[in-house]
Structure formats: C-alpha cells, structure tokens
Amino acid sequence: EEEFKWLLQEEVHAVLRQLQDILKEASHRFALPTSGSGGAVKQENFVLSTSGTDQVKGVMTLQGDALCQADVNLKMPRNNQLLHFAFREDKQWKLQQIQDARNHVNQAIYLLMNRDVNYQFKTGLEVLKLMDAVMLQLSRARNRLTTPATLTLPEIASSGLTKMFTPTLPPDILVNFYINLNKLCLTVYQLHVLQASTTKNFKPAGGSVLHNPGAMFEFGSQRYEVSHVHKVECVVPWLNDALVFFTVSLQLCQQLKDKISVFSSYWNYRPY
C-alpha cells in the first residue's frame, strides 16, 4: 500500500513532468510562435524531386504550417514542353495536417498541466483515465501526419490550391500537396479529355491519397482520364523529430499505465 501511495504521489508526477518536457519540445518543432510571443516563424526551403526522373521538380518554402512559396517545373511527356508555375505572391497554402497535429499536441500538454505538482492522485483509475486522454491526443496528432486525406479527383480539381498559381494552371493539370509521415509531397496529375465515343466504359474513381493513371472523373461538363502521375517529395527533418517525440511519449504513457494496472490488479485480488 505504501509503495502504491508513493507511485501515485511521486512517480506519476515525475512521468507527467517528463511527458510535458518531451511534448513541449515536440510543439517547438512545429516552429510556430506561442500566443503572445510575437516571434516570426522562420522560412525553410525544400527541393522536391524523385530519383530516376526529372519530369517534375519543385522548390517549396515552408513557414510553420503554411506553404508560402512554390515553384514547379513540369516537363510534358508528349512534346517535352517545359511548363513553369509559381504561387501568386499574395497567396499561402495552409497545410491542415500540420495545424491539426499541433493542436492535438497542445491539447495533450494542457491535460498534463492541469495536474500540477501539488495535485494528489487518489486512485489508479484516475491516472489511467488521464493517460488514456493524453494518448488519444497523441495518437490523433501522429495519425494526422501519417494518414493524408483521401480525396476524389473532382475535390482536387475544385480545391483552392488550383487558384494559387501564376500563370493559371491549364485545365489538363491538377496538383495536390500533403504530408506523409516526415515528408512533404507534391503530386501532379496530367489529364486528357474523354471523347463522347469513349465514355461508355466510364467509371468515376473514388477517394484516394494517390490516384493512378487510368483513373476517370467528371468535372464541370467534361469527363477526364488521368494519363500521367508525377509524385515528388522531400524529408522535413522537424516532422521526423515530432514523430519520434510522439512515439516516446506514447511509450511512457503505456509504461505508466502498465505499472498502475499491476498494482491495481494486486489490490483488487489480494487475499484477506
């Protein structure tokens, strides 16, 4: 009983402090100023490419959770024509995955700070509930980075992203940006119009992170088929750090839960 009391009063708080320190480091990795700090977020440039092909090359500028600049060169396979697109100067593209992940981390920190060093845990169940709540936020944060949104091709076509570029994207080009694990990814879809005579086998594609050549869709009054898909990416080091911090934090939470459970099961089933 004394050992269990010590666990609740001392070790639990030691783990909570450790978790707070790790998650604050994770939050700092998102490179966004906390409210009221007023610090500018640094800009980072990334070159997006893929081995074995130079069909698409891009230079992206990431500022926290926003793509503030993008320069994309696209070599058209049909005629080797080189197209160049860049973000309009008045535009930024928010990466919702990064925003959401940061919000979940901050929610986990808030839950931990609500149990300050003077708070006295009275039962193991109370600790288990707190760990479950923190782990839920951390799992959601990690999932936002590891699981990009599945979009239909019409959703990509109608996205505000298509209006970000100058010159305007031609109607046979679609682009999509997303985060996958520790990588910033750009996908460029080249399309061709399906003639009325070829639409008898028309089957619109559903939602996907990455659509393959041959995928069909209808947009406006026109039917299209994806002819070429180009995906380029680059590693964002601080996203990698954040994912490591999430994993370590989840392990710490689980270890504390396991300790509490061992004591609780002994307490519940001890012989009288």
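Look up a bit, the structure's there.
Note that the structure is predicted; figures quoted are calculated from it, not measured.

Here is what the cut-offs are and how they apply
Throughout, residues of each chain are indexed from 1 in the direction in which the sequence is written. Only residues with pLDDT of at least 70 are given local features in this predicted model, and only at 80 or more are side-chain atom pairs given and counted; all residues enter the totals for whole chains, interfaces and linings. As a rule here, side-chain values come from all non-hydrogen atoms in the structure, and water together with hydrogens is ignored. What counts as a helix is a DSSP run of H or I of at least four residues, what counts as a strand is a run of E of at least two, and both are numbered from the N terminus. Per-residue accessibility, obtained with a 1.4 Å probe over protein chains only, is compared with the maximum for each type, and a residue is labelled buried under 20%, exposed over 50%, and partly exposed between these values. Pairs of residues are marked as contacts when any of their non-hydrogen atoms sit within 4.5 Å. Computed by Shrake-Rupley with a 1.4 Å probe, the accessible areas treat only the displayed protein chains as cover when residues are assessed. Disulfides are defined as cysteine sulfur pairs within 2.5 Å. Here, nonpolar core means buried Ala, Val, Leu, Ile, Met, Phe, Trp, Tyr and Cys residues that are tied together by side-chain atoms lying within 4.5 Å of each other. What a helix should span is 1.5 Å times the count of its residues minus one. Here is the rule: rings of Phe, Tyr and Trp (six-membered ring for Trp) pair when centre to centre is within 6.5 Å. Planes less than 30 degrees apart are stacked, more than 60 are edge-to-face, and the remainder are tilted. A ring is scored as having a charge over it whenever the NZ atom of a lysine or the CZ atom of an arginine sits within 6 Å of its centre and within 35 degrees of its normal.

**Q** Quick one: what's the story with the overall build of the chain, residue by residue and with numbers?
**A** Tallying secondary structure elements over the chain gives 5 helices and 10 strands in all. Looking at the chain residue by residue over its 272 residues, the buried ones come to 43%. For the chain, restricting intrachain contacts to residue pairs at least 6 apart in sequence, the fraction spanning at least 24 positions comes to 67%. A total accessible area of about 14,600 Å² is found for the chain, and carbon and sulfur atoms account for 50% of it.

**Q** Quick rundown of the environment of threonine 123? Include the residues and the values.
**A** Mapped onto the secondary structure, threonine 123 falls in the loop between helix H2 (96–113) and helix H3 (124–146). For the pair threonine 123 and isoleucine 260, spaced 137 residues apart in the sequence, the C-alpha separation amounts to 9.3 Å.

**Q** I'd like a description of the state of the cysteines, backed by residues and values.
**A** Taken as a whole and judged by the stated rule, the model has 0 disulfides. Of all cysteine sulfurs in the structure, the one in cysteine 234 sits closest to cysteine 185, which takes part in no disulfide; the separation is 8.1 Å. Residue classification places cysteine 234 among the buried residues on the basis of a relative accessible area of 10%.

**Q** Give a description of unusual backbone geometry that names residues and reports values.
**A** With omega at -5°, the peptide bond leading from threonine 166 into proline 167 counts as cis. Position of proline 167 relative to the elements: it lies in the loop between strand E6 (165–166) and strand E7 (173–180). One non-glycine residue with positive phi stands out, namely leucine 181, at about 60°. Considering the arrangement of structural elements, one finds leucine 181 in the loop between E7 and strand E8 (183–193).

**Q** If you had to explain the nonpolar core to someone new, which residues and values would you point to?
**A** Judged by nonpolar contacts, the single largest core of 67 residues is most densely connected at Phe165, Phe177, Leu186 and Phe246. For phenylalanine 177, the residues in contact, after removing those within four places along its chain, are Met60, Leu67, Ala70, Phe87, Leu95, Leu161, Phe165, Cys185 and Leu186. Formed by 10 residues, the second largest nonpolar core is a distinct cluster that contains Leu174, Leu191, Phe217 and Val226.

**Q** Please give an account of H3 that cites residues and values.
**A** Between the first and last C-alpha of H3 there are 32 Å, a value that for 23 residues agrees with the 33 Å anticipated at 1.5 Å per step. All of the buried residues along H3 are Gly124, Glu126, Val127, Leu128, Leu130, Met131, Val134, Met135, Gln137, Leu138, Ala141 and Leu145.

**Q** So what's going on with H2? Residues and values would help.
**A** Spanning 18 residues, H2 covers 26 Å between terminal C-alpha atoms, matching the ideal 26 Å at 1.5 Å per step. Within the span of H2, buried status applies to Gln97, Ile98, Gln99, Asp100, Ala101, Arg102, His104, Val105, Ala108, Ile109, Leu111 and Leu112.

**Q** Tell me about the packing of aromatic side chains, and please be specific about residues and values.
**A** One pass over the full model with this rule turns up 6 aromatic pairs. Seen from their ring centres, phenylalanine 30 and tryptophan 238 are 5.7 Å apart, and the 70° between their planes marks the pair as edge-to-face. Here tryptophan 238 lies in helix H5 (residues 237–269) and phenylalanine 30 lies in the loop between helix H1 (2–29) and strand E1 (44–50), a separation of 208 residues in the sequence. Phenylalanine 30 sits in the buried class, given a relative accessible area of 0%. For tryptophan 238, a relative accessible area of 6% gives the class buried. With a centroid separation of 5.0 Å and an interplanar angle of 75°, the aromatic rings of tyrosine 119 and phenylalanine 121 are classed as edge-to-face. Three or more aromatic residues joined by ring pairs form one cluster here, namely Phe85, Phe87, Phe165 and Phe177. Above the ring of phenylalanine 202, the side-chain terminus of arginine 223 is found at 4.0 Å from the ring centroid.

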